[in-house]
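Here are the chains, one letter per residue:
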Amino acid sequence: TDGDSFSAWQKRVRSSCVEALGGFPERSPLLARVTGSVACSGYRIEKVLFESRPRFYVTALLFLPDAARFTPPYPGLLIPCGHSDAGKAFPGYQRGAVLAAVNGMAALVYDPIDQGERLQDNGKGNVAGHNVTGVSASLLGWNTATFRIWDGMRALDYLASRPDIDAKRLGCMGNSGGG
């Protein structure tokens, strides 16, 4: 049937894309921890740190609904950042997370490589930093898209690992270049 041929085509394309990216590593422990919390009007922000790969740290902010208004487990939303030196700290990227939290959803915004707290040692952030890091990675046979995608996949794993978030109701809302 057409559905079967479409499914076979999806598998071939997915396999081809993952191969072009160089594949993904095995899932390792996230070793996640909350490093701080900020109470806001109608929601709370947790400062989160996890390892998408061993010793490869991802900094994130988790916006949580007010437990007095909404009962957990909450639906979870991943919000990958676009291109901003500030990464997750950019107000435009936080706006969607705040709106999600005040409406009963948990939202995780994380810093991509070369943005926010994950600036590399090349003195540049944002797109210029991505370009420098990308060229450096390609010299090692790596593709930085693999790291970017894997960070997002592991961010979803983090959301799913939390008892206050419903792992069966996870979504993703891109923002600018993160979309």
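Residues numbered from 1 in each chain as written. Predicted model: local features only at pLDDT ≥ 70, side-chain atom pairs only at ≥ 80, totals over all residues. Heavy atoms only, no water.

### Digging into the pairing of strand E2 (residues 43–53)
Selection rule: A 1.4 Å probe rolled over the protein chains alone gives each residue an accessible area, and that area as a share of the maximum for its type sets the label: buried under 20%, exposed over 50%, partly exposed in between. Runs of H or I in DSSP of at least four residues are treated as helices and runs of E of at least two as strands, each being numbered from the N terminus. Any two strands with at least two DSSP bridges between them are considered paired.
For E2, the tally of buried residues reaches nine of eleven residues, placing the bulk of the element in the interior. Note that strand E1 (residues 33–40) and E2 share seven bridges and pair antiparallel. By the bridge assignment, Val34 is partnered in E2 with Val48. The turn joining E1 and E2, which pair antiparallel and follow one another in sequence, is formed by two residues; a positive phi near 90° is taken by Gly42. Where E2 meets strand E3 (residues 56–65), ten bridges bridge the pair, whose relative direction is antiparallel. Following the sheet pairing, Arg44 is matched in E3 by Leu64. Hairpin remark: E2 followed by E3, antiparallel, with two residues in the connecting loop; positive phi at Arg55, about 60°.

### Examining the pattern of salt bridges
Opposite charge on two side chains makes pairing possible when the charged atoms of those side chains draw close. Just so we agree on the cut-off: Only one rule defines a salt bridge in this text: a Lys or Arg side-chain nitrogen within 4 Å of an Asp or Glu carboxyl oxygen.
Scanning the model with the defined rule gives nine salt bridges in all. Of the charged contacts in the structure, one is a salt bridge between Arg44 and Glu46, with a shortest N-O distance of 2.7 Å. Residues Asp166 and Arg169 are paired through a salt bridge, measuring 2.8 Å at the closest nitrogen-oxygen approach. When salt bridges with common partners are traced through the structure, they connect Arg44, Glu46, Arg162 and Asp164 into a single cluster.

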